[in-house]
There are 8 protein chains.
Amino acid sequence: MNKATLLELLAAVERGELSPAAASDRLANLPFEDLGHTRVDHHRTLRTGLPEVIYAAGKSPAQTTEIFSRMAATGADVLATRADQFTAEAVLAAVPSAVYHPQARAITLHQSAPAEPGGHVAVVCAGTSDLPIAEEAAVTAELFHTRVTRLYDVGVAGIHRLFAVREQLASTDAVIVCAGMEGALPSVVGGLVGVPVIAVPTSVGYGASFSGAAALLGMLNSCSPNVTVVNIDNGFGAAYTATLIARMAHHD
Amino acid sequence: MNKATLLELLAAVERGELSPAAASDRLANLPFEDLGHTRVDHHRTLRTGLPEVIYAAGKSPAQTTEIFSRMAATGADVLATRADQFTAEAVLAAVPSAVYHPQARAITLHQSAPAEPGGHVAVVCAGTSDLPIAEEAAVTAELFHTRVTRLYDVGVAGIHRLFAVREQLASTDAVIVCAGMEGALPSVVGGLVGVPVIAVPTSVGYGASFSGAAALLGMLNSCSPNVTVVNIDNGFGAAYTATLIARMAHHD
Amino acid sequence: MNKATLLELLAAVERGELSPAAASDRLANLPFEDLGHTRVDHHRTLRTGLPEVIYAAGKSPAQTTEIFSRMAATGADVLATRADQFTAEAVLAAVPSAVYHPQARAITLHQSAPAEPGGHVAVVCAGTSDLPIAEEAAVTAELFHTRVTRLYDVGVAGIHRLFAVREQLASTDAVIVCAGMEGALPSVVGGLVGVPVIAVPTSVGYGASFSGAAALLGMLNSCSPNVTVVNIDNGFGAAYTATLIARMAHHD
Amino acid sequence: MNKATLLELLAAVERGELSPAAASDRLANLPFEDLGHTRVDHHRTLRTGLPEVIYAAGKSPAQTTEIFSRMAATGADVLATRADQFTAEAVLAAVPSAVYHPQARAITLHQSAPAEPGGHVAVVCAGTSDLPIAEEAAVTAELFHTRVTRLYDVGVAGIHRLFAVREQLASTDAVIVCAGMEGALPSVVGGLVGVPVIAVPTSVGYGASFSGAAALLGMLNSCSPNVTVVNIDNGFGAAYTATLIARMAHHD
Amino acid sequence: MNKATLLELLAAVERGELSPAAASDRLANLPFEDLGHTRVDHHRTLRTGLPEVIYAAGKSPAQTTEIFSRMAATGADVLATRADQFTAEAVLAAVPSAVYHPQARAITLHQSAPAEPGGHVAVVCAGTSDLPIAEEAAVTAELFHTRVTRLYDVGVAGIHRLFAVREQLASTDAVIVCAGMEGALPSVVGGLVGVPVIAVPTSVGYGASFSGAAALLGMLNSCSPNVTVVNIDNGFGAAYTATLIARMAHHD
Amino acid sequence: MNKATLLELLAAVERGELSPAAASDRLANLPFEDLGHTRVDHHRTLRTGLPEVIYAAGKSPAQTTEIFSRMAATGADVLATRADQFTAEAVLAAVPSAVYHPQARAITLHQSAPAEPGGHVAVVCAGTSDLPIAEEAAVTAELFHTRVTRLYDVGVAGIHRLFAVREQLASTDAVIVCAGMEGALPSVVGGLVGVPVIAVPTSVGYGASFSGAAALLGMLNSCSPNVTVVNIDNGFGAAYTATLIARMAHHD
Amino acid sequence: MNKATLLELLAAVERGELSPAAASDRLANLPFEDLGHTRVDHHRTLRTGLPEVIYAAGKSPAQTTEIFSRMAATGADVLATRADQFTAEAVLAAVPSAVYHPQARAITLHQSAPAEPGGHVAVVCAGTSDLPIAEEAAVTAELFHTRVTRLYDVGVAGIHRLFAVREQLASTDAVIVCAGMEGALPSVVGGLVGVPVIAVPTSVGYGASFSGAAALLGMLNSCSPNVTVVNIDNGFGAAYTATLIARMAHHD
Amino acid sequence: MNKATLLELLAAVERGELSPAAASDRLANLPFEDLGHTRVDHHRTLRTGLPEVIYAAGKSPAQTTEIFSRMAATGADVLATRADQFTAEAVLAAVPSAVYHPQARAITLHQSAPAEPGGHVAVVCAGTSDLPIAEEAAVTAELFHTRVTRLYDVGVAGIHRLFAVREQLASTDAVIVCAGMEGALPSVVGGLVGVPVIAVPTSVGYGASFSGAAALLGMLNSCSPNVTVVNIDNGFGAAYTATLIARMAHHD
């Protein structure tokens, strides 16, 4: 039942063609979710304005390209994560205005009107190994019209480098910290800032890192109470929530 | 919004006091789940006729007694699982017609009209250690008006005893198999019968049983395709699903 | 010992050529399982009419083809699961009437007489990633003469879509729910229907999904008591049990 | 070195008693963190205005009382979590204006000036077993001057109850969802709201819940991108971050 | 069906009262395992002469006493493992000739005729913490008429002590090695002897011993090919198999 | 120090050239392990007559060939396990009398004098997937002059097939049972025989088999006390110990 | 064989009462480890001068007292770890000069001559919860005549406090860092000092700390290469190795 | 702020151009970490003289070559670990004086002045499989000017070979022990020497070795108190700490 059919039903009641009791029965039994479809369906998307994304891992280049093209055709911003070189080539052939970010393994398409960034987040990591995840977060946040400060040269074993960027951290609305191995960086960053810290464990490491599980556990046990955690390597999710937070700080 | 208020709204449309468009808006925005409350709320309960249960573990005797009494007052059958002696005494003091099954650690109250059993399930286990879980399953199924055949003296290390009850197994609609340690019994039973087998890993064992995890893993890897699995020690859940299956076999 | 030799033995007793005592000794010592062979051997197969299947993973195309051909020659329905493209080509070259289902990675051969479907199951999943397992379940159930309703566009993060198909779920005899990541879908479905729900965790996900272990644990801890669980990615097993249940609901 | 000694050193330079080079050497070698002490030390506390808390588990009633009294004497708000009845009695004997919240197992002392709540968070859980953690979150947020809406009667197996409170969820700045067993609730809530959802796995459950690990894994694998996660049973941490977020939404 | 009823059936055939065909049918359908009862039922017990045991953990003193008494009344040797002081007192009150071994937490009753030990096993452990398990193994083997050499003062961190008993090890038929913590002892012993080594991981240790799992994994990965492993703390099982092996070496 | 140098030292004492005290010092400090070298070094090999083996996994074909050739040159029997086709070709080119067993992935060289088998072991598994491990065990035992009965067509889900071979099992000195998935077969076999059963978990399975961990745990928790366990896929180790046991049963 | 019996044997050779060949045989066959007893037995103890310790956990007060008294009678320093109040009272009653350290749960007896500390170690931890382990390390090192600097007020979430003690860290020979929860402190300390850092994970925490496993994994994955790790809560072991290192730095 | 700008500021105070109060403010607010940069930044490197290393795994040959070349240009010693053949060829083409160690998978460049080794460490392992990790440790230590004794032919299953090298072990300052499978070697070595033992679990093994986790757990539970542990396969880290220890023993 869409709005048209609902109006028709109510008009029938108005016209006396349908008794209130019969209408009540039909309304009680109609699949109410159809009623609420438009309102509910894209509830989160409509409220946040953040586009859905394509998780390209495990999809063929053709599949990703098809979905990407269809979404692009709606005029929306589009994001595909975990896209390799082959996928990127296929998508860009179909949607030439899309951009591939090789380090982030992300394809983005900016179609929305230019806007003032809705907030400011920092993306922090220790070094080269965590860069793919940090860049996935950064590219995602930027597609969401968030200002991003990248701080990629800090790590707990050279803690003074973190102090050197303390002021930069202090001016942001949320901080995303990507770390593998022992996953200690979010706790230290959490102690330096007064904003929410979103910790992203990365699968960087070997042996007892157990593909990021060690970093994940470390972050969940953080002694800084402003730290929350997302799944291993989930730079996208961290940027999504960080953007929601940063926008709150800048709404009117 | 309940049915009365819905009828009132529709009557207002009928009387011309409310335009279809305005009514549509109100309907689109009303919390539709209130509309569907009676239908949806106890959906599963209404369709199956199986009562909700009280999980008494972690509740005080007073708390369990209060919930039990309230449910009993509705005239429904009532079941409390994981109830210790103290809880049982408190409940029976308040609801004298309730019955305590110490081995099953369950309290039952039969209030529904006597009925022909809706099916027939076997509850199988290897020995004394698995009895509390097996009995939880058996008592639950019986409260649900299911006929139960207890086969508690079979085990994989004395496989001929299982063969001896093969005919008894063959006449049931579903088989519940409770097993700890290596959890091998469901696979063997599954090979002997043509009905669904619901495997209940029990926390019986020590050392590398890891509180039932070994049995759980064994059952999930069963080479008999008619075996499905529930949580460790979840005799209640096994009986619930077995009853659903057994009723299907005996509906008209 | 087969029936013929047994009859011969008994005839010898009847003819007085063999004393009861000697016959008793021979019967007591003969490998009784030979006696029961026909009855026991294919017990489950005979009772259910469901064919054994070929698990093609880890078998060479030639091996799978040989087994498939041999089983096809008996006139039975045949199913091979986890079959890649190469295996499918080899099998279809040998058995041209077989059909390959690439998404389900299954090869089927229908040879049994057309029959009324013995029941009706729904196969539910959230999206494209779970499709191979959902299709394995659906194709399996269909080969078993079960009517299958595919509901592949529902997920817990857009719960209204699940409500939209509630009526479709309500008309089935059993529901198979395939879900990866957090594995939450079976609990929600379990709350909406009054029939058994068979949950299939899939290995879809990354990081802390631990190849399906997160979904598996979630399903085992389901708060809906009509949910039972099979091994990760075991679409076949879910269809097997769902078929057994659905047939019960439609036997005479 | 505090500000006084720094001023003395610089005055000595001004007076010509200390050369710039010598002063440089002393400054380069002084423990700079003393310099920054006031600024750095309570950095997070100063910026957020959120008090440090006492984790009473593993502390004797006397120890907790002593720390609580000392913090109370500074005029600050004080919070002790995981405090049992004995600890509460000892603390309240020493600080009569403190309040014990038995379900939350928390002791609070409000001393700060009454203020407009800095935001609005919902605390959601499925039922009685998760209440201690949900209340820990709610009491913490309230001590932090955050308005709290408690929604304790929703669960994934009765999903319509969640729909009934959708409007209430929609008006908050952040949502805390506490769930044990399969931990599916945050994903469903995340799909209904456009604000950050902080998921708190609880140790509620048995068997394969593995003391909350199943719920934790489920939440980390949430398909809703606005969900972040804290440690098992960490209601306090969830409230801390939710408060930070909610304040952002209401700053001037 | 026992032998008597079988003979009766065959006699009826002999007498012509029952046709071979009818007898065949009855034989084909009788529960054949009853036929084979005596032969199969206690198969392992009869062949090995090793008594079944009572696992007293999780049984009440009364339950253990009742089972023990019943088994004692048959004239057999009886063994109860994991029996605490209370259980021992109850059993010995009922069966005064039973003996309690407090360190082994075992109750034994020797009733079989004195016999030459059927072999010779060594029980090796590193120190006082492993003694309960080592003694469970030793007492079990002795009840099984096996000669036991206890070597309880050896450990891998003082390897020369192991060398000092090398000759004693060399004269046995099998070696049981109980070790907690790193579980390294079986590998070293395995390199010194030419007989099977049965490794028993013990739950001795703390922290990363994970209740014996570390020792278990170490033993399963032993680089000595004559090492096999039993469950954590399963001294009884090790003694059972060691006795079987030792008897083989001394049969005629 | 070898025997010659020891004799020289003692002769010097005898000649009065070395005082007892000085000799004592030298003896106390000499590397005693040289003294015992011959006795200790190949202790296990000398006592058992079982050759050391080459674990070819992770070695290049050239490396394996070199070690194999060197061992072959001593006239001993030689065994290389986990050898792929390339390695086999390289070895056989160098040692033409060696034999490659492709299913067992083993290369053997028989050079010892023909001998009466020192015992008789059964190797049991459920089907084709476990064959590589079962054959590794069988080929190893045969190289060790042990008679092997292969029983490869039995499984717990068709338990009557196991009964059919019960007599064959009963005539062996030890039984090796290889099983993946739920690992239930050793328990059932253990209940049927009176000899030691060596269980080999195999990495056969998927999902919650966790590469053989489920089977391993099942076997460690076996309720049959004559079952001991080796590492996952360790067919060689099982054959080694089974051979030691079988020889004991047949020594004079 | 001790030195006396060796001298007697050699004297017999000198006297011509025993031929060199016969003496050689006896020497070759005597349990050589007896020969080397004094040298080997307490090898580590003799070289390091560090006493063996009594692990009191799992021992009765009487057992610990007996061992403690015996060791005290030799004039050696004695250490008992994991000793509760009851054990301490029993030991001090028997050995009045012993000292109980309640926070460290350790009993010490200093009997060795006063000596210059053989080195200097820092013991670092974040706060009150880690104190028992930190104190176990500190008390142990002090009994070993090592100078100990306790730095108990530092933590990664307030990193400036760590900087404030940097100079104190820099003057030590080794640093012991005890940390629970995320276990991040050793990495940060490791980046600040140039000496070995011994990390002790503590079982402090809850939920996903999994009794110290999270901290353990974090430390094993430390990005500071001067960090090595001991078992969870093993303050004693850390102090043992730290003492060995510190002595090296101060030997002549 | 560098030293020059600090001097300028202080000179301004001296000249009276800046009041002490204003200078105090600027100093309090300047990014102090810049002040301390030179002192702090390479703190560990400067104190130890040990070069940072390049972890080549996961870097492209070009990336590793670029970093290697840049570090080589500073005149420092350079080390790249986990470098495959392709990477080595690229690096050596750019830096011809570099050396590739294929077994250690390490590239080294010696540019520092020849120096007396600063200490002496032993690297111990059981055989060929552990060689890559043992060689990584040995090559690293040698680049650090440490004398290395390789003892690669010892293992716990042939323990006499370890005794044969006891004297060689006794003359070192620290011992690195690499072991896979059961990881028992460090405990045995720890009992023979009086110096720190650094245990390196290796990922050698199969099945229940779980990629080195079994060895890791074994080493963490070592009963020798002079054993500390590094991550699985972390030969570099072990050599780093062993070098620090060995230098202490030889400083003046």
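So, a few notes on the structure that sits alongside this text. (Residues numbered from 1 in each chain as written. Chains lettered and ligands numbered in written order. Predicted model: local features only at pLDDT ≥ 70, side-chain atom pairs only at ≥ 80, totals over all residues. Heavy atoms only, no water.)

With that out of the way, let us pick up the interface of chain D and chain A. With 39 residues of chain D at the contact, the number on the chain A side is 39 residues. Carbon and sulfur atoms supply 60% of the area buried between chain D and chain A, which totals about 3,300 Å² over both sides. Here chain D and chain A share 0 salt bridges between them. For the pair chain D and chain A, the number of links is 6 residue pairs in polar contact (both at pLDDT 80 or more). Among the elements of the structure, α4 (37–41), α5 (43–48), α10 (166–170), α11 (185–192), α12 (213–220), β9 (227–229) and α13 (235–248) of chain D are those that each provide at least two residues to the side of chain D that touches chain A. The dominant element in the side of chain D that touches chain A, judged by the number of residues it contributes, is α13 of chain D, at 7 residues. When its residues are assigned to classes, the side of chain D that touches chain A shows 19 nonpolar, 14 polar and 6 charged. (Contact = heavy atoms within 4.5 Å. Buried area = accessible area lost by both parts, 1.4 Å probe. Salt bridge = Lys/Arg side-chain N within 4 Å of Asp/Glu carboxyl O. Polar contact = N/O pair within 3.5 Å; in protein donor to acceptor, adjacent residues only side chain to side chain. Helix = DSSP H or I, 4+ residues; strand = E, 2+ residues; numbered from the N terminus. Nonpolar A, V, L, I, M, F, W, Y, C, P; charged D, E, K, R; others polar.)

All names here are of chain A. Under the criterion given, the structure shown has 48 salt bridges over all chains. Where E142 meets R150, a salt bridge forms, and the shortest distance between an N and an O atom there is 2.9 Å. In this structure E142 comes out as partly exposed when scored by relative accessible area, which is 31%. Overall, R150 belongs to the partly exposed group, its relative accessible area being 32%. As a salt-bridge pair, R166 and E167 come within 3.9 Å of each other at their nearest N and O atoms. Since its relative accessible area comes to 6%, R166 is described here as buried. Here the salt bridges do not stand alone but share partners, grouping E135, E142 and R150 into one network. (Buried < 20%, exposed > 50% of the residue type's maximum accessible area, 1.4 Å probe, protein only.)

Now for the packing of aromatic side chains. Counted under the stated rule, the structure contains 24 aromatic pairs over all chains. Seen from their ring centres, F144 of chain D and Y240 of chain D are 5.8 Å apart, and the 90° between their planes marks the pair as edge-to-face. Separated by 96 residues along the polypeptide, F144 of chain D in the loop between α8 (131–143) and β6 (147–151) and Y240 of chain D in helix α13 bring together distant segments of the chain. Like Y240 of chain D, F144 of chain D is buried. Members of the aromatic cluster, connected to one another through ring pairs, are F144, F236 and Y240 of chain A. Of note, R82 of chain H hangs over the ring of Y206 of chain A, and the distance from its end group to the ring centre comes to 4.6 Å. (Phe/Tyr/Trp six-rings, centres within 6.5 Å; stacked < 30°, edge-to-face > 60°. Lys NZ or Arg CZ within 6 Å of the ring centre and 35° of its normal.)

Attention shifts here to the relation of the copies chain D and chain A. Mapping chain D onto chain A is achieved by rotating through 180° and translating by 0.0 Å along the same axis, at an RMSD of 0.1 Å. The two molecules are tied by a two-fold rotation axis, judged by turn and shift. Taking C-alpha positions as reference, the residue of chain D nearest the rotation axis is V229 of chain D, located at 2.5 Å. (Least-squares fit on C-alpha atoms with pLDDT ≥ 70 in both.)

This paragraph deals with empty space enclosed by the protein. Applying the stated criterion across every chain, the model contains 6 cavities of 30 Å³ or more. The calculated volume of the largest cavity comes to roughly 60 Å³. Taken together, V229, V230, N231, N234 and G237 of chain B together with M219, L220, S222, S224, P225, V227 and V229 of chain C form the lining of the largest cavity. Elements that contribute at least two residues to the lining of the largest cavity include exactly α12 (213–220) and β9 (227–229) of chain C. Tallied by class, residues from the lining of the largest cavity come to 7 nonpolar, 5 polar and no charged. (1 Å grid on protein atoms, 1.4 Å probe; cavity = no way out; pocket = protein on both sides within 12 Å on 5 of 7 lines; lining within 4 Å. Points joined across faces, edges and corners; volume = space filled by probe spheres on them.)

Time to look at the sheet that holds strand β3 (residues 99–101) of chain G. Residues and elements named next belong to chain G. Overall, mixed pairing links the 4 strands, which are arranged β1-β2-β4-β3 in an open sheet. Two strands close off the open sheet at either side, each with one partner strand: β1 (53–55) and β3. Ignoring which end each strand starts from, the neighbouring axes of this sheet average 15° apart. Pairing between strand β2 (residues 78–81) and strand β4 (residues 106–109): 3 bridges, direction antiparallel. Its bridge partner lying in β4, V78 is registered against L109. Helix α7 (residues 85–94) contacts β3 and β4 of the sheet and is inclined by roughly 20° relative to β4. (Pairing = 2+ DSSP bridges. Axes fitted to C-alpha atoms, helices over the stretch in contact; angles between N-to-C directions.)

All right, on to the packing of helix α6 (residues 61–73) of chain C against helix α7 (residues 85–94) of chain C then. All names here are of chain C. Remark: α6 packs on α7, axes separated minimally by 9 Å, with the N-to-C direction vectors making an angle of 35°. Helix-helix and strand crossings are classified by hand; for α6 and α7 the assignment is right-handed. Counting all contacts with α6, which are made through P61, T64, T65, F68 and S69, the residues of α7 involved are F86, T87, A90, V91 and A94. Of the residues in the contact of α6 with α7, the class split is 6 nonpolar, 4 polar and no charged. (Left-handed = near helix turned anticlockwise from the far one by under 90°.)

This brings us to the pairing of strand β2 (residues 78–81) of chain H. All names here are of chain H. The alternating pattern of β2 places V78 and A80 and L79 and T81 on opposite faces, both of which are buried. Where strand β1 (residues 53–55) and β2 come together, 3 bridges link them in parallel fashion. Looking across to β2, one finds that V53 is bridged to L79. Following the backbone out of β1, through helix α6 (residues 61–72) and into the adjacent parallel β2, one traces a crossover that is right-handed. (Right-handed = clockwise from strand over helix to strand, strands pointing away.)

So, on to the environment of T81 of chain E. Tracing the sequence through the fold places T81 of chain E in strand β2 (residues 78–81). T81 of chain E gets classed as buried once you look at its relative accessible area, which sits at 3%.

The subject of this paragraph is α11 of chain D. The element α11 of chain D is largely enclosed, with a buried count of 8 among its 8 residues. Taken together, the buried positions of α11 of chain D are occupied by L185, P186, S187, V188, V189, G190, G191 and L192 of chain D.

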